[in-house]
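This is what each chain is made of:
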Amino acid sequence: MPTQFDLLAGDDSGEGEDNAVQNIPSYEDLSITRIDEETVLNAVYADEFSTKEGPWGSRIWCVKVRPLDTEPSKIGSQLTLIIAPGKNYPCLPPVVKFQDVKGLGNSEQIELMQQLNARCKELAGISSVMVCELVQVTEDFLYCHNKDPTMSAYDQMMAREEIERNMKIEKEKKLHSFMNVTDEISSLSKSRIKGYSEHSRGVREPDAVEHDRIERELDRQQAALTKASEEENADGENSLANDVDDSLEEEDDDDDDYQFDEPAGMKGSGSRYE
């Protein structure tokens, strides 16, 4: 009968064909990534972290998880997170199991496992190391479902409801804060657009009025010039006509100068043939 660790490290048994990805780096590259992550886990969790040898020299990581910000005497929910990274980790999700579970019922364990599996798929999609993220998800879940051993079942239920209510209120506050910021940004944008439009109209309208005034002034001056030119032409024609009349009168006077009186002896004589 296979042991629990054999099942956990069973050569990516939890990594079905649906999770297969393309262009997975070489085994050596991923091996270095896993070694680096193990070094970080050992530094972060210290005594809460341990490793075990799996089949074919694989490593199994174990992290003891408890609810944060809780006095040790009031911790009633805890577990050990067992993570078996396959040879394609972190490009593919690891196998995740629970061990030494305390204070969580079957339904609660199923709910937590669903959250962890969903998070694993998200992080594997970007080939990101994920154990610290999984521990954080587990810590938050244990905090919300912690069963204080010093409290009665009723008090535990009321405390859990209070925690859930506070978390809901906190989420609503964040949502309202986000919506308020969005409204402020929208209002500010509209105000700027309105101010810009008013400014644009205020700039364009005086320009249009000034342009119309200049056009009217140019038309007036053009009309005045045209009228003056017409009057000048009319005066010139009248002057020319007067000059012609004066010239004709002078010629008539000259003709009178060439008219002589007949000699006295010539008066009354007829033709020599008469």
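That block above? That's the structure.
**Quick notes on the overall build of the protein**
In step 1: In terms of regular secondary structure, the protein is built from five helices and four strands.
In step 2: Counted from the first residue to the last, the protein has its helices and strands arranged as α-α-β-β-β-β-α-α-α.
In step 3: Evaluated residue by residue, the protein yields a buried proportion of 23% over its 274 residues.
In step 4: In the protein, the share of contacts with a sequence separation of at least 24, taken over all contacts with a separation of at least 6, comes to 59%.
In step 5: For the protein, the computed accessible surface area is about 19800 Å², with 51% contributed by carbon and sulfur atoms.

**Considerations on the sheet that holds strand β1 (residues 49–53)**
In step 1: Strands sit in the order β1-β2-β3-β4 across an open sheet of four strands; the sheet is antiparallel. Edge positions in the open sheet fall to β1 and β4 (95–102), since each of these has one partner strand only. The average undirected angle you get between the axes of adjacent strands in this sheet is 25 degrees.
In step 2: Pairing of β1 with strand β2 (residues 59–65) involves five bridges; the strand directions are antiparallel. Opposite F49, over in β2, you have V63 as the bridge partner.
In step 3: Relative to the sheet, helix α3 (residues 106–124) contacts β3 (78–84) and β4, its axis offset from that of β4 by approximately 150 degrees.
In step 4: The strands touched by helix α4 (residues 131–144) are β2, β3 and β4; relative to β3, the strand with the most contacts, the crossing angle is about 155 degrees.

**Re the layout of surface pockets**
In step 1: The calculated volume of the second largest pocket comes to roughly 230 Å³.
In step 2: The wall of the second largest pocket is formed by twelve residues, among which T70, K74, N146, D148 and I163 lie closest to the centre.
In step 3: Counting residues per element, the lining of the second largest pocket draws most heavily on helix α5 (residues 153–257), at four residues.
In step 4: The residue makeup of the lining of the second largest pocket, split by class, is four nonpolar, three polar and five charged.

**Considering the nonpolar core**
In step 1: If you look at the biggest cluster of nonpolar residues, it comprises 26 residues, and the most contacted ones within it are L79, L81, L112, L116, V131 and L134.
In step 2: Going through the elements one at a time, α2 (27–45), β2, β3, β4, α3 and α4 are the ones with two or more residues in this core.
In step 3: In this structure L79 touches V63, K64, V65, F98, Q99, D100, V101, L104, L112, T138 and L142, once residues within four positions along its chain are discounted.
In step 4: Formed by five residues, the second largest nonpolar core is a distinct cluster that contains I60, C62, A84 and V95.

Thresholds, definitions, all that
Residues numbered from 1 in each chain as written. Predicted model: local features only at pLDDT ≥ 70, side-chain atom pairs only at ≥ 80, totals over all residues. Heavy atoms only, no water. Helix = DSSP H or I, 4+ residues; strand = E, 2+ residues; numbered from the N terminus. Buried < 20%, exposed > 50% of the residue type's maximum accessible area, 1.4 Å probe, protein only. Contact = heavy atoms within 4.5 Å. Areas by Shrake-Rupley, 256 points an atom, 1.4 Å probe, with all protein chains shown as cover. Pairing = 2+ DSSP bridges. Axes fitted to C-alpha atoms, helices over the stretch in contact; angles between N-to-C directions. 1 Å grid on protein atoms, 1.4 Å probe; cavity = no way out; pocket = protein on both sides within 12 Å on 5 of 7 lines; lining within 4 Å. Points joined across faces, edges and corners; volume = space filled by probe spheres on them. Nonpolar A, V, L, I, M, F, W, Y, C, P; charged D, E, K, R; others polar. Core = buried A, V, L, I, M, F, W, Y, C linked by side-chain atoms within 4.5 Å.

So, to be careful, I would describe these as geometric facts and stop short of saying anything about function.
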